[in-house]
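# Understanding the architecture of this molecule
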Amino acid sequence: MTPNIKPLVAGNWKMNGFRNSLSELGAMTAGYDIAMRNRIDMLLCVPATLIFAAAQEALGTRVHVGGQDCHFNQVGAHTGDISAEMIADSGGTAVIVGHSERRTDHGETNAIVKSKAEAGLRGDLLTIVCIGETEAQRKAGETLDVLKDQLDGSMPDDSTAAKVVVAYEPVWAIGTGLVPSAADVEEAHGFMRNNLTDRFGDKGAKMRLLYGGSVKPGNAEELMGIANVDGALVGGASLKAEDFLGICAAYEKLC
Ligand code: PGA
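Notes on the structure follow. (Residues numbered from 1 in each chain as written. Predicted model: local features only at pLDDT ≥ 70, side-chain atom pairs only at ≥ 80, totals over all residues. Heavy atoms only, no water.)

### Regarding the packing of aromatic side chains
- Tallied over the entire structure, the rule returns one aromatic pair.
- Consider the rings of Tyr168 and Tyr211, whose centres lie 6.3 Å apart with planes at 65 degrees: the pair is edge-to-face. With Tyr168 in strand S6 (residues 164-168) and Tyr211 in strand S7 (residues 208-212), this residue pair connects regions lying 43 residues apart in the sequence. Judged on exposure class, the residue Tyr168 and its partner Tyr211 are both buried.
- For Arg62, the ring lying beneath its charged end belongs to Tyr32, and the centroid distance is 4.8 Å. (Phe/Tyr/Trp six-rings, centres within 6.5 Å; stacked < 30°, edge-to-face > 60°. Helix = DSSP H or I, 4+ residues; strand = E, 2+ residues; numbered from the N terminus. Buried < 20%, exposed > 50% of the residue type's maximum accessible area, 1.4 Å probe, protein only. Lys NZ or Arg CZ within 6 Å of the ring centre and 35° of its normal.)

Written out as structure tokens, the structure is:
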């Protein structure tokens, strides 16, 4: 945790979820409104097909809905893509950019991720920029170099603490049940904080830094207790209300 920074717990449904899955979102919004004290922000990033319906479901609650990617242009001949403005038009208030699955599956470079992040800001969305090393890079001792390269190349120059969030997601920890040691998370997050503060000053000092990769109710409290960890980006455990609320509850307890 960082003092005076409100944590964010963000879920990423990836390519999961049909309209009937929105009952889980209903259970999340109900559970969050009843049990939590509004000490954390809660966001669910759903497939593009569900953004409108999910935003309707969450209307009037404290849970935010977002998309998982956006094109860098506002409109145009880009078959299959959606823009930040389209996410906003559907009721979404956030977008994830640069997830390692996009970087790998769609060949997204730092320059592309940066332009998508700029598009997120242009569309007035909370923009979550993902970075993280592969297993081979960690074994080669390159983790901090990779993080520096990705931060330098992917962060918009006009990043603000209110609108940009960074998610550190070691690629080898995503969906595997593996989690780095607390010391390794602390080192990575401390490095990110210094890099962002050097570049963005006070805005970097106040930016939320999420940890992502096999976050579960059982390890959430320990992860959240690490310096400069200001929330979580959660994949698998965001699909079920019980798990996601369990993570949120662990975070609220510490606030
Ligand atoms: P996971 O995914 O929680 O299933 O490991 C995290 C992510 O990819 O954001």
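### So, the nonpolar core
- In this structure, Met155, Val166 and Tyr251 are the most contacted members of the largest nonpolar core, which totals 61 residues.
- Counting residues per element, this core draws most heavily on helix H11 (residues 241-254), which supplies seven residues.
- Beyond its immediate chain neighbours, meaning those up to four positions away, Tyr251 contacts Pro7, Val9, Ile40, Ala220, Leu223, Met224, Gly231 and Ala232.
- Counting residues in hydrophobic clusters, the runner-up holds 13 residues, among them Leu8, Ile96, Ile128 and Leu233. (Core = buried A, V, L, I, M, F, W, Y, C linked by side-chain atoms within 4.5 Å. Contact = heavy atoms within 4.5 Å.)

### Side note on the sheet that holds S7
- An order of S1-S2-S3-S4-S5-S6-S7-S8 is seen for the eight strands of this closed barrel, with the pairing classed as parallel. Going from strand to strand, the sheet's axes swing by 25 degrees on average, the running direction of each strand aside.
- Alignment of strand S3 (residues 63-67) against strand S4 (residues 94-97), held across two bridges, turns out to be parallel. Among the inter-strand pairings, Gly66 is bridged to a residue of S4, identified as Ala94.
- Against the sheet, helix H5 (residues 110-122) makes contact with S4, strand S5 (126-131) and S6, and its axis sits at roughly 165 degrees relative to S5, the strand it touches most. (Pairing = 2+ DSSP bridges. Axes fitted to C-alpha atoms, helices over the stretch in contact; angles between N-to-C directions.)

### So, the pairing of S4
- Residues Ala94 and Ile96 of S4 are buried on one face, and the alternating residues Val95 and Val97, pointing to the opposite face, are buried as well.
- As for the winding sense of the linkage, the β-α-β connection from S3 through helix H3 (residues 84-89) to S4 is right-handed.
- In this sheet, S5 lies alongside S4 in parallel orientation, the contact comprising four bridges. Of the residues in S5, the one forming a bridge with Ala94 is Leu126. (Right-handed = clockwise from strand over helix to strand, strands pointing away.)

### Side note on the environment of Leu50
- Here Leu50 lies in the loop between strand S2 (41-45) and helix H2 (51-58).
- Of the residues examined, Leu50 reaches a relative accessible area of 2% and is grouped as buried.
- Leaving out residues up to four positions away in the same chain, Leu50 has contacts with Trp13, Gly17, Phe18, Arg19 and Leu22.

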